[in-house]
Each structure stands twice: as structure tokens, then as C-alpha cells.
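These are the residues of each chain, in order.
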Amino acid sequence: SYVLKQVALNDAAVAKVLEGSIYKVDSDLNKKISLFIGDITTLEIDAVVNAANNSLRGGGGVDGAIHKAAGGMLYQECQSLNGCDTGDAKITGGYYLPARYIIHTVGPTGEKPAMLESCYRRALQTAIENNIRTVAFPCISTGVYGYPNESAVKVVLPIIRTMLEANRDKFDRIIFCLFLSVDINLYHKLLPVFFPLQ
Ligand code: ADP
């Protein structure tokens, strides 16, 4: 995982991966990765991840969309959770969402790679603990919280690969839910680096 982190945070290393093959082709893992472009609240899956704030009382962006679509019962359950630390995750029901659960995680403000990585790790650990096999992530912290989009993808893809490798039988599908063209372009460019097809 030392190598993965080096690759994730350094452009020269990413270029080297593109030439060589630090990330090996693994078709079992590749089958479990999907991109979805659009509104995360429409996904009928086990769990959607929310880019929440420390209070868990709703906010703007994807958080606002999730609370609006899930309804007031979500707000009530969130109020009982005593907030959530940055980099941690807490689970609630999905209420009026088609997803069965919502995993709330709180991303860092600004570029803090260890914290962003922790969000994705804790979200997937929470999923495993609840027998959740299909999970969709929004682009955590890259909106109002200001994490630069490209550096975020270079943290997200290696930690997802690491978690999938370590938990092969636990997940059926991990979906990256993309909302902005900047992220669509970045994921198309960088997915083949971390999940090479050949
Ligand atoms: P943060 O505060 O963690 O930066 P934001 O909600 O501001 O969270 O942004 C995170 C990402 O979620 C951004 O790419 C934003 O465009 C995207 N987003 C906003 N609404 C939705 C939605 N309904 N479904 C999926 N992604 C969304």
C-alpha cells in the first residue's frame, strides 16, 4: 500500500504506471467498477454515500439532494447520531430513496489526502459491517469543500482498489456517481490507470 499511495499522490508516478504496470489487470475487480453520470438519489442499490458535514443535519450540494429526496425521517435519524468526525462514516436508513441505506461520511475541507482516503475506507468498512454489496460514491469534498478534482481522483481510485482487493467476496459493485463534466473526464482518463483492462 506504500506504493499505491506514492502513485496516488504524484503525477510522475501516475505517468510511470501508464507506461508500465504497477496495477495489474484483474478482471474480477474490473467487473465490479461502474461509472454512473447523474443524480445519486435515483440509484436503486444497497447504499449511497453522502458527502455530509460534521453536524449530519443536511446542507447543500449532494447532501441537500439526499435529504430532500429521503425526507424528514432521515433528518430525525441523523439528529440522533451525535454528528460525525471528518474522515469517519455513519449509516442510516434510506427512507424515500430507492437505496436501502445511506452511508454518511464527512470529507475534508481542502486537499487533505489522508482524510479523503479515510472517508472512502470507512464508508466501505461500514458497508461490509452491514452486508451492503452495492455502493455508490459521489465525488466527496470536490464541491463546496474545495478538494482539487484531479488530486481527489488519484486518492479515490487507489483506496477503492486496495479495499476491493482486500475484500473480494464482500462487494458486487462500486459505482462512481459523477455529476460534473470535469469529473467525467478525469475518471475516463484515470480509471484505466488503476483498473487496467489489458
Ligand atoms: P462537498 O461539500 O463534500 O464538497 P458537494 O455536495 O458540494 O460536497 O459536492 C460533491 C460532489 O457532488 C460535486 O461533484 C457535486 O457536483 C456533486 N453533486 C451535487 N449534487 C449531486 C447529486 N444529486 N448526485 C450526485 N452528485 C452530486
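Keep in mind it's a predicted model, so treat the numbers as computed, not measured.

**Let's talk about unusual backbone geometry**
Part 1: In this structure, Tyr 95 is a non-glycine residue whose phi angle is positive, near 50 degrees.
Part 2: With respect to the helices and strands, Tyr 95 occurs in the loop between β3 (89-93) and β4 (101-106).
Part 3: When its relative accessible area of 35% is taken as the criterion, Tyr 95 is described as partly exposed.
Part 4: Look at Asn 131: it is not a glycine, yet its phi comes out positive at around 55 degrees.
Part 5: With respect to the helices and strands, the residue Asn 131 is situated in the loop between α6 (113-129) and β5 (134-137).

**So, the packing of aromatic side chains**
Part 1: Counting across every chain of the model gives 3 aromatic pairs.
Part 2: With a centroid separation of 5.1 Å and 40 degrees between ring planes, the pair formed by Phe 176 and Tyr 187 is classed as tilted. Of this pair, Phe 176 sits in strand β6 (residues 173-178) while Tyr 187 is found in helix α8 (residues 181-194), placing the two residues 11 residues apart along the sequence. Pair check on accessibility: Phe 176 and Tyr 187 agree, each one buried.

**So, the packing of helix α7 (residues 149-166) against α8**
Part 1: The geometry of α7 relative to α8 is characterised by a closest axis approach of 10 Å and an angle of 40 degrees between their N-to-C directions. For the element pair α7 / α8, the angle class is oblique. In terms of crossing hand, the pair formed by α7 and α8 is right-handed. Contact residues: α7 offers Asn 149, Glu 150, Val 153, Lys 154, Val 156, Leu 157, Pro 158 and Arg 161, while α8 offers Val 182, Asp 183, Leu 186, Tyr 187, Lys 189, Leu 190, Leu 191 and Phe 194.
Part 2: By residue class, the composition of the contact of α7 with α8 is 10 nonpolar, 1 polar and 5 charged.

**Topic: the pattern of salt bridges**
Part 1: Scanning the entire structure with this criterion turns up 10 salt bridges.
Part 2: Across the pair Arg 168 and Asp 26 runs a salt bridge whose closest N-O atoms are separated by 2.6 Å. Here Arg 168, found in the loop between α7 and β6, pairs with Asp 26, found in the loop between α2 (11-19) and α3 (27-30); they are 142 residues apart in sequence, far enough to count as distant.
Part 3: A cluster of three or more residues bridged by salt bridges with shared partners is formed by Glu 150, Lys 154 and Lys 189.

**Considering α7**
For the α-helix, the turn length of 3.6 residues means that residues three or four positions removed from each other point alike.
Part 1: Its 18 residues give α7 an end-to-end C-alpha distance of 26 Å, which sits within 8% of 26 Å, the value for a rise of 1.5 Å per residue.
Part 2: Within α7, 13 of the 18 residues are buried, which leaves the element mostly enclosed by the surrounding structure.

**Some words on empty space enclosed by the protein**
Part 1: Taken as a whole, this structure holds 1 cavity of 30 Å³ or more when the rule is applied.
Part 2: One number sums up the size of the largest cavity: a volume of about 40 Å³.
Part 3: Of all the secondary structure elements, the ones that give two or more residues to the lining of the largest cavity are α7 and α8.
Part 4: With 4 residues, α7 is the single largest residue contributor to the lining of the largest cavity.
Part 5: When its residues are assigned to classes, the lining of the largest cavity shows 7 nonpolar, 2 polar and 1 charged.

**Section: the layout of surface pockets**
Part 1: Taken as a whole, the largest pocket spans an internal volume of roughly 570 Å³.
Part 2: Lining the largest pocket are 25 residues, with Ala 51, Gly 61, Val 62, Asp 63 and Gly 143 positioned closest to its centre.
Part 3: In terms of residue count, helix α4 (residues 61-70) provides more of the lining of the largest pocket than any other element does, 4 residues in total.
Part 4: Per-class residue counts for the lining of the largest pocket are 13 nonpolar, 9 polar and 3 charged.

**Observations regarding the site of the ligand**
Part 1: Around the ligand, 17 residues are found, and the nearest of them are Asp 39, Val 62, Ser 141, Gly 143 and Val 144.
Part 2: Taking Asp 39, its side chain carries an N or O atom lying 2.9 Å from a nitrogen atom of the ligand.
Part 3: Ile 40 is positioned with one of its backbone polar atoms (N or O) 3.0 Å from a nitrogen atom of the ligand.
Part 4: Contact with the protein chains covers 91% of the free accessible surface of the ligand, which is 560 Å².
Part 5: More than half of the atoms belonging to the ligand lie within 2 Å of the grid points that define the largest pocket.
Part 6: Among the elements that take part in the shell around the ligand, α4 stands out by supplying 3 residues, more than any other.
Part 7: Of the residues assigned to the shell around the ligand, the class counts are 10 nonpolar, 5 polar and 2 charged.

So, how was this worked out
Residues numbered from 1 in each chain as written. Predicted model: local features only at pLDDT ≥ 70, side-chain atom pairs only at ≥ 80, totals over all residues. Heavy atoms only, no water. Helix = DSSP H or I, 4+ residues; strand = E, 2+ residues; numbered from the N terminus. Buried < 20%, exposed > 50% of the residue type's maximum accessible area, 1.4 Å probe, protein only. Phe/Tyr/Trp six-rings, centres within 6.5 Å; stacked < 30°, edge-to-face > 60°. Axes fitted to C-alpha atoms, helices over the stretch in contact; angles between N-to-C directions. Parallel < 35°, antiparallel > 145°, perpendicular 65-115°, else oblique. Left-handed = near helix turned anticlockwise from the far one by under 90°. Contact = heavy atoms within 4.5 Å. Nonpolar A, V, L, I, M, F, W, Y, C, P; charged D, E, K, R; others polar. Salt bridge = Lys/Arg side-chain N within 4 Å of Asp/Glu carboxyl O. Expected span 1.5 Å × (residues − 1). 1 Å grid on protein atoms, 1.4 Å probe; cavity = no way out; pocket = protein on both sides within 12 Å on 5 of 7 lines; lining within 4 Å. Points joined across faces, edges and corners; volume = space filled by probe spheres on them. Near = heavy atom within 4 Å. Polar contact = N/O pair within 3.5 Å; in protein donor to acceptor, adjacent residues only side chain to side chain. Areas by Shrake-Rupley, 256 points an atom, 1.4 Å probe, with all protein chains shown as cover. Sits in = over half its atoms within 2 Å of the grid points.

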